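Residue-level listing of the chains:
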Amino acid sequence: MIHVAVIPNLSRNRALYYTGRLIAKLRKLGMKILMRDEFRASFPEKEILFFPDAAAMIQACDLIIALGGDGTIIHCARNAAVAGKPILGINIGRLGFIASLETNEMDCLERLNSGNYTIEDRMMLDIRVRGEEKSKTYTAFNDAVIARGTLSRILDLKVRLDDTKVCDYRADGLIIATPTGSTAYSLSAGGPIIDPQMDCILLTPICPHSLLNRPVLFGPHSKLSVQAHSDYESEIILTVDGESFLKIPDGAEVEFSKSSSTVKILKLKNNNFYEIVTDKLGERRMEP
């Protein structure tokens, strides 16, 4: 019997309805459903194994299904990576680049029993702020952003590759993204779209004060460091995957490298990444 951890974002519109449909579908397929205790009140009549602890639930499951937007899937993916468990995203958000299924495609779940699916290994980033009293490594699936605070002025940012100077930026900030994150904030800032199965590190400046400053792509073994400085003693903020926010000291170095951990994305359809991009951003989405 396949044990499936179901992690919904019930703040999404109609998420409760679609989660109920998913649970019914999984039960019909003979699968055991695992959920956090916090969802017990929302699904009291279902045959569900509830867990007080998310880590214990993930260890006990064979795979994870996350219902929500990309943010929900990213949050779940980092925990899944630690346990080495595959994750399947069902989109009930807006664009949903990481999700493998839309809500009208749940019949594809039958392929879980037959083994008719693929698993993609997606790279992650390790991030460390040099000079912290207690050194801590943060892990990003999508991106990390070094930027000015709400009332701050422009930043001076020095980028080094393996202790060799690469370039200096005067900008509102820098985005350091994985290929998966290339379709997120980096894309809005003018960065390229990258196949998420590639291994590379993307650096995209935010509102640079030069027409010559462009996104830069680095190899998977690169070790980048970014030093941010403000002439106005303003706040400098490091954001990881849009969730973790850390105020970093002026002049502190933040190091970025490919993580040894990967996220295993479970895919039930044969569509490739470029079909997804065309569907999400292309002409079909613009039709009334």
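Residues numbered from 1 in each chain as written. Predicted model: local features only at pLDDT ≥ 70, side-chain atom pairs only at ≥ 80, totals over all residues. Heavy atoms only, no water.

Our focus in this paragraph is the overall build of the chain. When its secondary structure is counted, the chain shows 7 helices and 18 strands. Computed over its C-alpha atoms, the radius of gyration of the chain comes to 20 Å, within 12% of the 19 Å expected for a compact globule of 288 residues. Each principal axis of the C-alpha distribution contributes one length, and for the chain these read about 60 × 45 × 35 Å. With 288 residues in all, the chain has 49% of them scored as buried. (Helix = DSSP H or I, 4+ residues; strand = E, 2+ residues; numbered from the N terminus. Rg over C-alpha atoms; globule rule 2.2 N^0.38 Å. Buried < 20%, exposed > 50% of the residue type's maximum accessible area, 1.4 Å probe, protein only.)

Turning next to helix α3 (residues 70-83). The terminal C-alpha atoms of α3, which comprises 14 residues, lie 20 Å apart, in line with the 20 Å expected from a rise of 1.5 Å per residue. The buried count for α3 comes to 10 of 14 residues, which makes it a mostly enclosed element. Along α3, the residues classified as buried are Asp70, Thr72, Ile73, Ile74, Cys76, Ala77, Arg78, Ala80, Ala81 and Ala83. Of the residues flanking the end of α3, it is Gly84, one or two places downstream, whose phi is positive at about 70 degrees. (Expected span 1.5 Å × (residues − 1).)

Here 6 strands make up an open sheet; going across it, the order is β14-β13-β12-β9-β16-β17 and the pairing antiparallel. Every interior strand has two partners, whereas the edge strands, β14 (216-218) and β17 (244-247), have only one. Across the sheet, the mean angle from the axis of one strand to that of its neighbour is 15 degrees, orientation sign disregarded. (Pairing = 2+ DSSP bridges. Axes fitted to C-alpha atoms, helices over the stretch in contact; angles between N-to-C directions.)

This part takes up the pairing of strand β8 (residues 137-140). Burial along β8 is one-sided: the residues Tyr138 and Ala140 are buried and none of Thr137 and Thr139 is. Two elements, strand β7 (residues 118-129) and β8, share 4 bridges in a ladder whose sense is antiparallel. By the bridge assignment for β8, Leu125 is matched with Ala140.

The next thing to look at is the state of the cysteines. Across all of its chains, the model carries 0 disulfides by this definition. The thiol sulfur of Cys61 is not disulfide-bonded, and the nearest other cysteine sulfur, from Cys76, lies at 11 Å. (Disulfide = S-S within 2.5 Å.)

Turning next to the pattern of salt bridges. One pass over the full model with this rule turns up 20 salt bridges. Of the charged contacts in the structure, one is a salt bridge between Glu110 and Lys25, with a shortest N-O distance of 3.2 Å. With Glu110 in the loop between β6 (101-102) and α4 (111-114) and Lys25 in helix α1 (residues 15-28), the pair connects residues that are 85 residues apart, well separated along the chain. What makes Glu110 partly exposed here is its relative accessible area of 43%. Look at Lys25 and you get buried, because its relative accessible area is 13%. The shortest N-O distance in the salt bridge between Arg170 and Asp156 comes to 2.8 Å. Placement of the pair is Arg170 in strand β11 (residues 164-171) and Asp156 in strand β10 (residues 155-161), with a sequence separation of 14 residues. One network of salt bridges, in which partners are shared, links Arg128, Arg130, Glu253 and Glu255. (Salt bridge = Lys/Arg side-chain N within 4 Å of Asp/Glu carboxyl O.)

It is worth spelling out the packing of aromatic side chains at this point. Applying the stated criterion across every chain yields a total of 1 aromatic pair. Each ring, one from Tyr17 and one from Tyr18, has its centre 5.1 Å from the other, and the planes form 65 degrees; the classification is edge-to-face. Taking relative accessible area as the criterion, Tyr17 reaches 43% and is therefore assigned partly exposed. A residue is classified by how much of its surface remains accessible, and Tyr18, at 14% relative accessible area, is buried. Lying over the aromatic face of Tyr17, Arg14 brings its terminal NZ or CZ to 4.5 Å of the ring centre. (Phe/Tyr/Trp six-rings, centres within 6.5 Å; stacked < 30°, edge-to-face > 60°. Lys NZ or Arg CZ within 6 Å of the ring centre and 35° of its normal.)

Here we take up the environment of Leu174. Inspection of the secondary structure puts Leu174 in strand β12 (residues 173-177). As for Leu174 and Ile146, which are separated by 28 residues in sequence, their C-alpha atoms are 5.4 Å apart.

Direction of pairing for β7 relative to strand β18 (residues 253-267): antiparallel, over a ladder of 11 bridges. Within β18, the position partnered with Glu120 by the bridge is Ile265.

By themselves these figures say nothing about function.
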